[in-house]
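# Descriptive structure summary
Each chain is listed here by its residues.
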Amino acid sequence: MTSHEYKQVIGELEKLILETLATLARFEESGMDEQMPADYQQLHDIYTKAVNDQRAYTLAMFDLLAPIPETFQQWEG
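My aim in this report is to walk through the structure given alongside it, one point at a time. These numbers come from a predicted model, not from an experiment.

Once that is clear, we can look at the pattern of salt bridges. Side chains that differ in charge, positive against negative, can pair when their charged atoms come close. Inspection of the entire model under this criterion finds 2 salt bridges. With a closest N to O distance of 3.3 Å, Glu12 and Lys15 form a salt bridge. You can see Glu12 and its partner Lys15 sitting in helix α1 (residues 3–30), 3 residues apart, about one turn around the helix. Taking the shortest distance from any N to any O, the salt bridge between Asp53 and Lys49 comes out at 2.9 Å. Of the two residues, Asp53 and Lys49 both sit in helix α3 (residues 37–65), 4 residues apart, roughly one turn of that helix. Given a relative accessible area of 25%, Asp53 falls into the partly exposed group.

A few words on α3. With 29 residues, α3 should reach 42 Å at 1.5 Å per residue; the first-to-last C-alpha distance of 42 Å fits that figure. The complete set of buried residues in α3 reads Tyr40, Leu43, Ala50, Gln54 and Met61. Along its buried surface, α3 packs onto α1 and α2 (32–35).

Moving on, we get to the packing of α1 against α3. Here α1 crosses α3 at 160°, and the two axes come no closer than 9 Å. Judged by the angle between their axes, α1 and α3 are roughly antiparallel. You can see that α1 and α3 cross each other, and the crossing is left-handed. Its residues assigned to classes, the contact of α1 with α3 comprises 20 nonpolar, 6 polar and 5 charged.

Quick notes on the rules
- Here, residues in each chain are numbered from 1, in the same order as that chain's written sequence.
- Local features in this predicted model are restricted to residues of pLDDT 70 or higher, and side-chain atom pairs are both shown and tallied only at a pLDDT of 80 or more, whereas totals for entire chains, interfaces and linings draw on every residue.
- Excluded from the side-chain calculations are hydrogens and water; all other atoms, namely the structure's heavy atoms, are used.
- Salt bridge, as used here, is a side-chain nitrogen of Lys or Arg placed within 4 Å of a carboxyl oxygen of Asp or Glu.
- A run of DSSP states H or I qualifies as a helix once it reaches four residues; a run of E qualifies as a strand once it reaches two. Both are numbered from the N-terminal end.
- Burial classes: relative accessible area under 20% of the type maximum marks a residue as buried, over 50% as exposed, and values in between as partly exposed (1.4 Å probe, protein chains only).
- To estimate how far a helix should extend, the number of its residues minus one is multiplied by 1.5 Å.
- Whether two residues are in contact is decided by their heavy atoms, any of which lying within 4.5 Å being enough.
- Every axis in this analysis is a line fitted to C-alpha atoms, fitted for helices over the stretch in contact. Angles between the N-to-C directions lie between 0 and 180 degrees.
- Angles are sorted into four bins: roughly parallel if under 35 degrees, roughly antiparallel if over 145, roughly perpendicular if 65 to 115, and oblique for all others.
- Here a crossing is taken to be left-handed if its near helix is turned anticlockwise relative to the far helix by less than a right angle, and right-handed if that turn runs clockwise.
- Residues are sorted three ways: Asp, Glu, Lys and Arg are charged, Ala, Val, Leu, Ile, Met, Phe, Trp, Tyr, Cys and Pro are nonpolar, and all the rest, Gly among them, are polar.

This is the structure we're talking about:
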């Protein structure tokens, strides 16, 4: 992927994260989190996956732009 493509994916994930947070807030405000716990959990799962994916794409983009020198790769977790 190019850095532009990474930025597009990261931006789309950001939109998904913000929309999911807004939906979670509406669920909580209306009491739907207690009425529909499975759906509420699915929203949390979507949020968690989007945040983790965004992090992974961000790190991959950084690696594309400034690869970690081989001498420092031994410290990567």
